Amino acid sequence: MNKSDSEMLAGQFENLGIIPDKSFEDADIMVLNTCVVRQSAEDNAVSLLNKIKLLKSSDDQKFLAVMGCMVGPNFRNLSEQFPHVDVWARPQEFNSIINLVCNRFNINLDGFLSNVTEKPGVTKFISVTHGCDKFCTFCIIPYRRGREKSRTINELMEEIIIYVEKGVREVTLLGQNIDSYGHDLRPRKDLADLIQKVHEIKGLDRIRFLTSHPNDMSIRIIETIRDLPKVCKNINLPFQAGDDIVLSNMRRGYTVNQFLDKINLIKKMIPNVTLTTDLIVGFPGETRLQFENSLNVLREIEFDKVHVAGYSTRKGTVASRKLNDDISIEEKKIRIREVNDLQEDIQYNKNHRLIDSQLDVLVEGHKRGNLFGRAMNDKIVYIDFDGETKINYGEIIGVNITESSPWSLRGVPVTKL
Ligand code: SF4
């Protein structure tokens, strides 16, 4: 989501004739887009702000803006702590930055109309909701990004159509809890309505979305994923813990069995679906046995990818006030390693089964000297080719899978679609 915000602001700057510099030391305008989901990310932002303070003290013409979720509803304390910051902007509230930059550098705002000005790549993240109403006890997002707010379907359609005209072939619709999209709109809408509309855009080949909450993923949404050919059959459904007591302490709002029921329903309705998830280990009070319950869920579901993190206290959350962070860092590291080892085996086996199959791959670019793209099921596929056949970024090609690893696939092109 932060990447999408940075790209959007960079596009708006470009429209004003402001071009990116290689290092912030040389730049006249510095914008720090912050993430505070983890304490370490906030610590990095604070350390960078202190570094920039020195830079600004030797050149007070430099302009510094800070945006993103570090800037909560009440940022007066931040202004007092970092008086060298020229402007604080809450997520997606770019206008204050744009206006101040124009004033400071005498830039004429007339004719500055379009939000979508950058030259995007083949794939594009689109923020569709901001904030979250769930208030999981470990999470800072609702306090920093505020309550859920959905952008209208019309506004999103306009933006996506412009991106598609500029060459985008795949969009990922983003929200902290994307499945609750539209409940705050009048008339009320849901994610299925949005996906169905976006699906009509000519020239757009693929639609993905992130991140889901098990309680809000409705049958209507699952049917839409199943029925619409451009919607990638891949769902990220965080379970966070495989134990009912830990889930209740996290205030996730579901039990392990309810989560498993939802997964089984998805697997039944979309037979070839791939599933990814998020998991926290070492949550306050999580016993060894409770952690092993999480491992059991991983064994039972066999996710295609797991983002695992050790619990870290975020000041201001319910967990920070009421629960004691009593699992040592060493123990958290051990649990992370166990999850990763288990997942490596699961992913090795799952990916190995794809050898000799053919996957349609949207070519995204080059990585480590190899042409690569992603299949509908979200697998990264490296493409071996003779160099004679011309393959362009943005093309969808059939690839015969010849090799696999736990993290990616490799194959040779067989058809252009
Ligand atoms: S649903 Fe996700 S973003 Fe919302 S509070 Fe829970 S963890 Fe945070």
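Please read these numbers as outputs of a predicted model, since none were measured by experiment.

Reading guide: rules and limits
- Residues numbered from 1 in each chain as written.
- Predicted model: local features only at pLDDT ≥ 70, side-chain atom pairs only at ≥ 80, totals over all residues.
- Helix = DSSP H or I, 4+ residues; strand = E, 2+ residues; numbered from the N terminus.
- Rg over C-alpha atoms; globule rule 2.2 N^0.38 Å.
- Buried ≥ 20, exposed ≤ 12 C-beta atoms within 10 Å, placed from the backbone.
- Axes fitted to C-alpha atoms, helices over the stretch in contact; angles between N-to-C directions.
- Parallel < 35°, antiparallel > 145°, perpendicular 65-115°, else oblique.
- Left-handed = near helix turned anticlockwise from the far one by under 90°.
- Contact = placed C-beta atoms within 7 Å.
- Nonpolar A, V, L, I, M, F, W, Y, C, P; charged D, E, K, R; others polar.
- Pairing = 2+ DSSP bridges.

*Asks:* Honestly, the overall build of the protein chain in this entry has me stumped. Any pointers?
*Replies:* Along the backbone of the protein chain there are 13 helices and 16 strands. Compactness check: the protein chain gives a C-alpha radius of gyration of 23 Å against a globular reference of 22 Å for 417 residues, within 12% of the reference. The principal-axis extents of the C-alpha atoms in the protein chain amount to approximately 60 × 60 × 45 Å. By residue count, 34% of the 417 residues in the protein chain fall in the buried class.

*Asks:* What is the right way to read the packing of helix α11 (residues 288-301) against helix α13 (residues 329-352) from this model?
*Replies:* Each pair of packed helices can be described by the angle between their axes along with the distance between the axes. In the contact formed by α11 and α13, the axes pass within 11 Å of each other and the chain directions differ by 15 degrees. As summarised for this structure, α11 and α13 are arranged roughly parallel, according to the angle between their axes. In this structure, the crossing between α11 and α13 has a hand that is right-handed. Touching F291, L295 and L298 of α11 are R335, E338, V339, L342 and Q343, all from α13. Residues of the contact of α11 with α13, tallied by class, amount to 5 nonpolar, 1 polar and 2 charged.

*Asks:* Would you mind showing me how to read the pairing of strand β8 (residues 206-210) here?
*Replies:* Walk down a regular strand and you will see the side chains alternate between the two sheet faces. Taken across its 5 residues, β8 has 4 buried, putting it largely inside the fold. Across 5 bridges, strand β7 (residues 170-174) lies against β8 in parallel orientation. In the sheet register, V171 faces β8, and the bridge partner there is I207.

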